[in-house]
Amino acid sequence: MAITPRAAATAWYARAYLEVCRLSTSELLTSGAPGIEAALVRHGWSPANARAAVPGLLGPAGLSTRPEVTLPGLEAVADLRRRFDPARQPTCSLSSLMGPGQGA
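None of these values were measured; they are calculated from a predicted model.

Asker: It is not clear to me how the packing of helix α1 (residues 12-42) against helix α2 (residues 47-58) should be interpreted in this structure. Could you clarify?
Answerer: Working note: a packed helix pair is described by the angle between its axes plus the distance between those axes. Running from N to C, α1 and α2 cross one another at 145°; their axes reach a closest spacing of 8 Å. Helix-helix and strand crossings are classified by hand; for α1 and α2 the assignment is right-handed. Along the contact surface, α1 presents L29, A33, I36, E37, L40 and V41, while α2 presents P47, A50, R51, A53, V54, L57 and L58. Looking at the contact of α1 with α2 residue by residue, the classes come out as eleven nonpolar, no polar and two charged.

Here's what the structure looks like:
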């Protein structure tokens, strides 16, 4: 999920960034849990923390999430963020992050 101002959402650089994210996500999903864990370790996570993060990354707010923005999807992302930062609260209503035509 990428959050960007509505005015920039259709800019070429936003579309290019999303395409790179899509390709990276596809590669990670293809590699499965061991590949995701290895990628996290390569980026400095301890093996234990990487192993613990994999279920969340493959869960409802993780890498296999459909790209459509929905309120349940935003709620799942907020829940995942709170898992790592219990004091984390959104600064605005989650539904305000949805663009025109994006449903619940």
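There's more to say after this.
Asker: Can you help me understand the nonpolar core in this one?
Answerer: Soluble globular proteins tend to pack their nonpolar side chains together in the buried interior. Within the largest apolar cluster, five residues are counted, these being I36, L40, A50, A53 and V54. Those elements that place two or more of their residues in this core are α1 and α2. At three residues, α2 tops the list of elements feeding residues into this core. Beyond its immediate sequence surroundings of up to four residues, A53 is in contact with L40, W45 and F84.

Asker: Just to check I follow, could you spell out the environment of V54 for this structure?
Answerer: Residue placement: V54 occurs in helix α2. With 26 residues separating them in the primary sequence, V54 and L28 have C-alpha atoms 11 Å apart. The residues contacting V54, other than those within four sequence positions of it, are A33, I36 and E37.

Asker: Could you clarify how one ought to interpret the pattern of salt bridges in this entry?
Answerer: Between side chains of opposite charge, a pair can form when the charged atoms approach closely. Inspection of every chain in the model, using the stated rule, returns three salt bridges. R51 is the partner of E37 in a salt bridge, and the nearest nitrogen-oxygen pair spans 3.4 Å. Of this pair, E37 sits in helix α1 while R51 sits in helix α2; the two residues are 14 residues apart in sequence, bridging distant segments of the chain. Relative accessible area serves as the criterion here: at 48%, R51 is assigned to the partly exposed category.

About the criteria used
- Residues numbered from 1 in each chain as written.
- Predicted model: local features only at pLDDT ≥ 70, side-chain atom pairs only at ≥ 80, totals over all residues.
- Heavy atoms only, no water.
- Axes fitted to C-alpha atoms, helices over the stretch in contact; angles between N-to-C directions.
- Helix = DSSP H or I, 4+ residues; strand = E, 2+ residues; numbered from the N terminus.
- Left-handed = near helix turned anticlockwise from the far one by under 90°.
- Contact = heavy atoms within 4.5 Å.
- Nonpolar A, V, L, I, M, F, W, Y, C, P; charged D, E, K, R; others polar.
- Core = buried A, V, L, I, M, F, W, Y, C linked by side-chain atoms within 4.5 Å.
- Buried < 20%, exposed > 50% of the residue type's maximum accessible area, 1.4 Å probe, protein only.
- Salt bridge = Lys/Arg side-chain N within 4 Å of Asp/Glu carboxyl O.

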